[in-house]
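Results of the structural survey
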Amino acid sequence: DAKTTQPPSMDCAEGRAANLPCNHSTISGNEYVYWYRQIHSQGPQYIIHGLKNNETNEMASLIITEDRKSSTLILPHATLRDTAVYYCIVRVGGFGNEKLTFGTGTRLTIIP
Amino acid sequence: DTAVSQTPKYLVTQMGNDKSIKCEQNLGHDTMYWYKQDSKKFLKIMFSYNNKELIINETVPNRFSPKSPDKAHLNLHINSLELGDSAVYFCASSQRDRNTEAFFGQGTRLTVV
């Protein structure tokens, strides 16, 4: 399994962009980078995923470096409701063996 | 409509009892999962079922037995509950042949006393 490394915690001012880094230096060529978040006591929620190109959706943007060894999740205008633990996950396996290996994540606190 | 629903939300029971947690998804997905989040907040996969067939079994004690009566349901039965089984259990579903997201339920907080 490709491992991921994230800072344990970060703060961000409300209304500013939150940039959450993730290192995945052992990622394989066919492994995707996924981001999930878990708001207190709720089930994890999918945010975005990508292979090698940058991706954007209504929630966030994902920037993957050219060598794919690291990525950054960007929440463009953070709100208080974005306070959560954010997990960067490298997806393992092919058909019939998908599983998400959650690390310790980054606890993001949005400050009013 | 809730995409992935689990019942019950809270479960308090005594050691040695047998209990079940139910999960249903209305997304038409073919793969369902059980994850366990312990007191230290580590979230780990336990089982995965695809079209009612067991795909992943991550070194879980035999006291835990998942049952999938159909693609939309994956129940978790736990025999002889132990204190260490206290955790939050999350059910999830996804579609196997697409690199898409997994949808999680809201969790079942199991407390063994």
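Throughout what follows, the structure given in this document is the object of discussion.

Time to look at the overall build of chain A. Looking only at helices and strands, chain A features zero helices and nine strands. Expressed as a percentage of its 112 residues, the buried residues of chain A come to 46%. Taking the contacts inside chain A whose residues are at least 6 apart along the sequence as the reference set, 56% of them involve residues at least 24 apart. Of the accessible surface of chain A, which amounts to about 5,700 Å², a share of 50% is contributed by carbon and sulfur atoms. Positive and negative charge centroids in chain A, built from 10 and 10 side chains respectively, lie 3 Å apart.

Residue and element names in this part refer to chain A. With antiparallel pairing, four strands are arranged side by side in an open sheet as β2-β7-β6-β5. Since the sheet does not close on itself, it has two edges, and those belong to β2 (18-23) and β5 (55-56), each with one partner. With six bridges connecting them, β2 and strand β7 (residues 70-75) associate as antiparallel partners. Its bridge partner lying in β7, Leu20 is registered against Leu73.

Let's shift gears to the pattern of salt bridges. Any two side chains of opposite charge can pair, on the condition that their charged atoms come close. Residue and element names in this part refer to chain B. According to the stated counting rule, one finds three salt bridges over all chains in the structure shown. Across the pair Glu82 and Arg63 runs a salt bridge whose closest N-O atoms are separated by 3.4 Å. Pair noted here: Glu82 is in the loop between β8 (73-78) and β9 (87-94) and Arg63 is in the loop between β6 (53-57) and β7 (64-70), with a separation of 19 residues, a long-range link. With relative accessibility at 41%, the residue Glu82 sits in the partly exposed group. Each member of the salt-bridge network shares a partner with another, and the members are Arg63, Glu82 and Asp85.

All right, on to the sheet that holds strand β1 (residues 9-13) of chain A then. Residue and element names in this part refer to chain A. In space, the five strands of this open sheet follow the order β1-β9-β8-β3-β4, with mixed pairing throughout. The sheet terminates laterally at β1 and β4 (45-50), the two strands that pair on one side only. Within the sheet, the average angular offset between the axes of one strand and its neighbour, ignoring direction, is 25°.

This next bit is on the environment of B:Thr111. All names here are of chain B. Relative to the assigned elements, Thr111 resides in strand β11 (residues 108-112). Each C-alpha atom of the pair Thr111 and Leu83 lies 7.8 Å from the other, and the pair is 28 residues apart in sequence. Setting aside residues no more than four positions away along its own chain, Thr111 makes contact with Leu11, Val12, Thr13 and Ser86.

Taken together, the contacts link 22 residues of chain B with 20 residues of chain A. Interface area, chain B with chain A, both sides summed: about 1,800 Å², of which 52% is carbon and sulfur. The tally of links from chain B across to chain A stands at zero salt bridges. Counting across the interface, chain B meets chain A through three residue pairs in polar contact (both at pLDDT 80 or more). Residue assignment for the side of chain B that touches chain A shows that the elements contributing at least two residues are β4 (31-37), β5 (43-50) and β6 of chain B.

So, about the packing of aromatic side chains. Overall, the coordinates contain 12 aromatic pairs over all chains when judged by the stated rule. Here the aromatic rings of A:Tyr34 and A:Tyr36 are separated by 6.5 Å at their centres, their planes lie at 20°, and the arrangement is stacked. Judged on exposure class, the residue A:Tyr34 and its partner A:Tyr36 are both buried. Arranged with centres 6.2 Å apart and planes meeting at 45°, the rings of B:Tyr33 and B:Tyr35 form a pair that is tilted. Owing to a relative accessible area of 5%, B:Tyr33 belongs among the buried residues under this scheme. In textbook terms, an aromatic cluster arises when at least three aromatic residues are bridged by ring pairs, as seen for A:Tyr32, A:Tyr34, A:Tyr36, A:Tyr46, A:Tyr87, A:Phe102, B:Tyr33, B:Tyr35 and B:Phe104.

Before going further, it helps to spend a moment on the nonpolar core. Residues and elements named next belong to chain A. Ranked by internal contacts, the top residues of the largest apolar core, which has 21 residues, are Trp35, Leu73, Tyr86 and Leu108. Going through the elements one at a time, β2, β3 (33-38), β4, β6 (61-64), β7, β8 (84-90) and β9 (106-111) are the ones with two or more residues in this core. Ranked by the residues each element gives to this core, the list is headed by β8, at four residues. Excluding residues that lie within four positions of it along the chain, Leu108 makes contacts with Met10, Asp11, Cys12, Ala18, Leu20, Leu75, Asp82, Thr83, Ala84 and Tyr86.

Cut-offs applied
- Residues numbered from 1 in each chain as written.
- Chains lettered and ligands numbered in written order.
- Predicted model: local features only at pLDDT ≥ 70, side-chain atom pairs only at ≥ 80, totals over all residues.
- Heavy atoms only, no water.
- Helix = DSSP H or I, 4+ residues; strand = E, 2+ residues; numbered from the N terminus.
- Buried < 20%, exposed > 50% of the residue type's maximum accessible area, 1.4 Å probe, protein only.
- Contact = heavy atoms within 4.5 Å.
- Areas by Shrake-Rupley, 256 points an atom, 1.4 Å probe, with all protein chains shown as cover.
- Lys, Arg positive; Asp, Glu negative; His and termini not counted.
- Charge placed at Lys NZ, Arg CZ, Asp CG, Glu CD.
- Pairing = 2+ DSSP bridges.
- Salt bridge = Lys/Arg side-chain N within 4 Å of Asp/Glu carboxyl O.
- Axes fitted to C-alpha atoms, helices over the stretch in contact; angles between N-to-C directions.
- Buried area = accessible area lost by both parts, 1.4 Å probe.
- Polar contact = N/O pair within 3.5 Å; in protein donor to acceptor, adjacent residues only side chain to side chain.
- Phe/Tyr/Trp six-rings, centres within 6.5 Å; stacked < 30°, edge-to-face > 60°.
- Core = buried A, V, L, I, M, F, W, Y, C linked by side-chain atoms within 4.5 Å.

Distances and angles like these do not, on their own, reveal function.
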